[in-house]
Amino acid sequence: MANAATSPLATYIAHLKRGELGYQYSASANQAVFYPRVIAPRTGADDLEWRISQGLGTVHATTVVHPRDGEPYNVCLVDIDEGFRMMSRVEDIPPTQVRIGLRVRFRVHTPGGDEDPYPVFIPAEGTP
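Residues numbered from 1 in each chain as written. Predicted model: local features only at pLDDT ≥ 70, side-chain atom pairs only at ≥ 80, totals over all residues. Heavy atoms only, no water.

Trainee: Is there a simple way to explain the side chain of E91 in this structure?
Mentor: Looking at the secondary structure, you find E91 in the loop between β6 (84-88) and β7 (103-109). The buried category is assigned to E91, whose relative accessible area is 14%. Looking at E91, its side chain comes within polar contact range of the side chain of R107, at 2.7 Å. Setting aside residues no more than four positions away along its own chain, E91 makes contact with R107, H109, V120, F121, I122 and P123. (Helix = DSSP H or I, 4+ residues; strand = E, 2+ residues; numbered from the N terminus. Buried < 20%, exposed > 50% of the residue type's maximum accessible area, 1.4 Å probe, protein only. Polar contact = N/O pair within 3.5 Å; in protein donor to acceptor, adjacent residues only side chain to side chain. Contact = heavy atoms within 4.5 Å.)

Trainee: Quick question: what am I supposed to make of unusual backbone geometry here?
Mentor: One can expect most non-glycine residues to show negative phi and most peptide bonds to be in trans. Here F34 and Y35 are connected by a cis peptide whose omega angle stands at 10°. Relative to the assigned elements, Y35 resides in the loop between β2 (31-33) and β3 (48-52). Even without being a glycine, N30 presents a positive backbone phi close to 55°. By secondary structure assignment, the location of N30 is in the loop between β1 (22-26) and β2.

Trainee: Would you mind going over the packing of aromatic side chains with me for this structure?
Mentor: Two aromatic rings are characterised by how far apart their centres lie and by the angle between their planes. Applying the stated criterion to the full structure yields six aromatic pairs. Judged by centre distance (5.9 Å) and plane angle (55°), the ring pair of Y12 and Y35 falls under tilted. Taken together, the residues span a long stretch of sequence, with Y12 in helix α1 (residues 8-17) and Y35 in the loop between β2 and β3 at a distance of 23 residues. Classification of Y12 as buried rests on a relative accessible area of 5%. (Phe/Tyr/Trp six-rings, centres within 6.5 Å; stacked < 30°, edge-to-face > 60°.)

Trainee: What should I look at first to understand α1 in this one?
Mentor: Side chains three or four residues apart in an α-helix point the same way, a direct result of the helix having 3.6 residues per turn. Residues of α1 that are buried include every one of P8, T11, Y12, I13, H15 and L16, and no others. Looking at the buried side of α1, the elements it contacts are β1, β3, β6, β7 and β8 (118-123).

Trainee: Please clarify how the sheet that holds β7 should be interpreted in this entry.
Mentor: Two modes of strand pairing occur in sheets, parallel and antiparallel, and in both the strands are linked by backbone hydrogen bonds. Strand order in the open sheet formed by five strands is β6-β5-β4-β7-β8, with antiparallel pairing between adjacent strands. Strands with a single pairing partner mark the edges of an open sheet, and in this sheet they are β6 and β8. Sheet twist, expressed as the average angle between the axes of neighbouring strands with direction ignored, equals 40°. Contacts from α1 reach β6, β7 and β8, with the element oriented near 45° to β8. (Pairing = 2+ DSSP bridges. Axes fitted to C-alpha atoms, helices over the stretch in contact; angles between N-to-C directions.)

Trainee: I'm lost on the pairing of strand β5 (residues 73-80) in this one. Help?
Mentor: Where burial is concerned, the two faces of β5 differ: the one with N74, C76, V78 and I80 is buried and the one with Y73, V75, L77 and D79 is not. Across eight bridges, strand β4 (residues 56-65) lies against β5 in antiparallel orientation. Bridge pairing in β5 places V64 opposite N74. With five bridges connecting them, β5 and β6 associate as antiparallel partners. Of the residues in β6, the one forming a bridge with D79 is R85. In this antiparallel pair of consecutive strands, β5 and β6, the connection spans three residues, and G83 shows a positive phi of 110°.

Laid out in structure tokens, this is it:
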């Protein structure tokens, strides 16, 4: 479990700053846990340990947002191979080309300024 002085969100962001997709695992629930938490869902146990994802996943659901000002962009749910789902977007291809079942690879997007980095995905060429 994270140091009591360090919030789960701060630990998650620290992983992103190192280029890692961190997630938690609960031994009592025998499952990956995401979004970062203080106690495990379902069991209420404080047995959460941090792990690092390999960063591969599959698009579970996708949509294209068409803002009034600006270019359309993709929003999707990605099933990460380690057993959790997260909301993100797929970059490096047009948003209309993102399809359910597309294999993707994690990368960190660093917006600049005071904003924290966040995870995005790109197509995972040659990955089953």
